[in-house]
Amino acid sequence: MITEILSYIKNTAAAVPVPAAILIAILILFFIIQTIRLHRNHSSLRQDAIKRSRSVIGGQLAEQVAPFLPGFPCHPGDARFIGKPVDFIAFPGLTEDNEVHEVLLIEVKTGKSNLSGREREIKRAVAEGRVRYVEYRVE
């Protein structure tokens, strides 16, 4: 863009004499306009990054406090935070009567977030009954 302007100025300078101050003013004005455009684009990208960062932090906070919120599927003392690939593994009944009624894999989601591909695969494996208990002994 700058080269086009300079080329235009050079071609028209021969036909019409233009003072150097006007040429410099045009170049400075062009530079200011480009800087403003770049800043606007950068600013909108930055705002989007801040919005996504806040969303991630909010989701992480929700994961940590979820066992204490209404509607959580078990007693908070029965849940153990894992984080990845699911948020919690829970053993309902363990805290109250020392008897495990079931084993839950719990994924906490906020807003419009969806399960990731890995989380969907885990959910499908559980739904299909591809779950085992393994005792591993270290000799």
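Check the entry above for the structure.
Residues numbered from 1 in each chain as written. Predicted model: local features only at pLDDT ≥ 70, side-chain atom pairs only at ≥ 80, totals over all residues. Heavy atoms only, no water.

Please give an account of the overall build of the protein chain that cites residues and values.
For the protein chain, the count of helices and strands is four helices and three strands. Starting at the N terminus, the α and β elements of the protein chain follow one another as α-α-β-β-α-β-α. Taken across its 139 residues, the protein chain has 17% of its residues classed as buried. A fraction of 20% describes how many contacts in the protein chain between residues 6 or more apart in sequence connect residues 24 or more apart. (Helix = DSSP H or I, 4+ residues; strand = E, 2+ residues; numbered from the N terminus. Buried < 20%, exposed > 50% of the residue type's maximum accessible area, 1.4 Å probe, protein only. Contact = heavy atoms within 4.5 Å.)

Residue-level account of the pattern of salt bridges, with values.
Two side chains carrying opposite charge are able to pair once their charged atoms lie near each other. Counting across every chain of the model gives five salt bridges. A salt bridge links Arg130 to Glu128; the shortest N-O distance between them is 2.9 Å. Overall, the relative accessible area of 48% leaves Arg130 in the partly exposed class. Note that Arg137 is salt-bridged to Glu135, the shortest N-O span being 2.7 Å. A relative accessible area of 53% places Glu135 in the exposed class. Bridged by salt links that share partners, the residues Glu107, Lys109 and Glu119 form one connected network. (Salt bridge = Lys/Arg side-chain N within 4 Å of Asp/Glu carboxyl O.)

Can you explain the packing of aromatic side chains? Please cite residues and give values.
Tallied over the full model, the rule gives two aromatic pairs. Centre to centre, the rings of Phe81 and Phe88 are 5.4 Å apart; their planes meet at 75°, and the pair counts as edge-to-face. Since its relative accessible area comes to 39%, Phe81 is described here as partly exposed. An aromatic cluster is defined as three or more aromatic residues linked by ring pairs; in this entry it consists of Phe72, Phe81 and Phe88. (Phe/Tyr/Trp six-rings, centres within 6.5 Å; stacked < 30°, edge-to-face > 60°.)

Would you mind going over the sheet that holds strand 1 (residues 79–81) in detail, with residue names and values included?
Read from one edge of the open sheet, three strands run 1-2-3, paired in antiparallel fashion. Both edges of this open sheet fall to strand 1 and strand 3 (104–106), since each of them pairs with a single strand only. Along the sheet, successive strands turn relative to each other by an average axial angle of 25°, direction set aside. (Pairing = 2+ DSSP bridges. Axes fitted to C-alpha atoms, helices over the stretch in contact; angles between N-to-C directions.)

I'd like a description of the layout of surface pockets, backed by residues and values.
Once rolled over the atoms, a probe with the size of a water molecule shows which space is left empty. Looking at the largest pocket, its volume works out to about 460 Å³. Together, 18 residues line the largest pocket, and Leu104, Leu105, Ile122, Val126 and Val131 are the ones closest to its centre. Of all the secondary structure elements, the ones that give two or more residues to the lining of the largest pocket are strand 3 and helix 4 (117–127). In this structure, the second largest pocket occupies an estimated 380 Å³ of space. Around the second largest pocket, the lining comprises 17 residues; the ones closest to its centre are Glu63, Lys84, Glu107, Lys109 and Glu119. Elements with a minimum of two residues in the lining of the second largest pocket: helix 2 (20–65) and helix 4. Among the elements that make up the lining of the second largest pocket, the one with the highest residue count is helix 2 (five residues). Among the residues forming the lining of the second largest pocket, the class breakdown is three nonpolar, seven polar and seven charged. (1 Å grid on protein atoms, 1.4 Å probe; cavity = no way out; pocket = protein on both sides within 12 Å on 5 of 7 lines; lining within 4 Å. Points joined across faces, edges and corners; volume = space filled by probe spheres on them. Nonpolar A, V, L, I, M, F, W, Y, C, P; charged D, E, K, R; others polar.)

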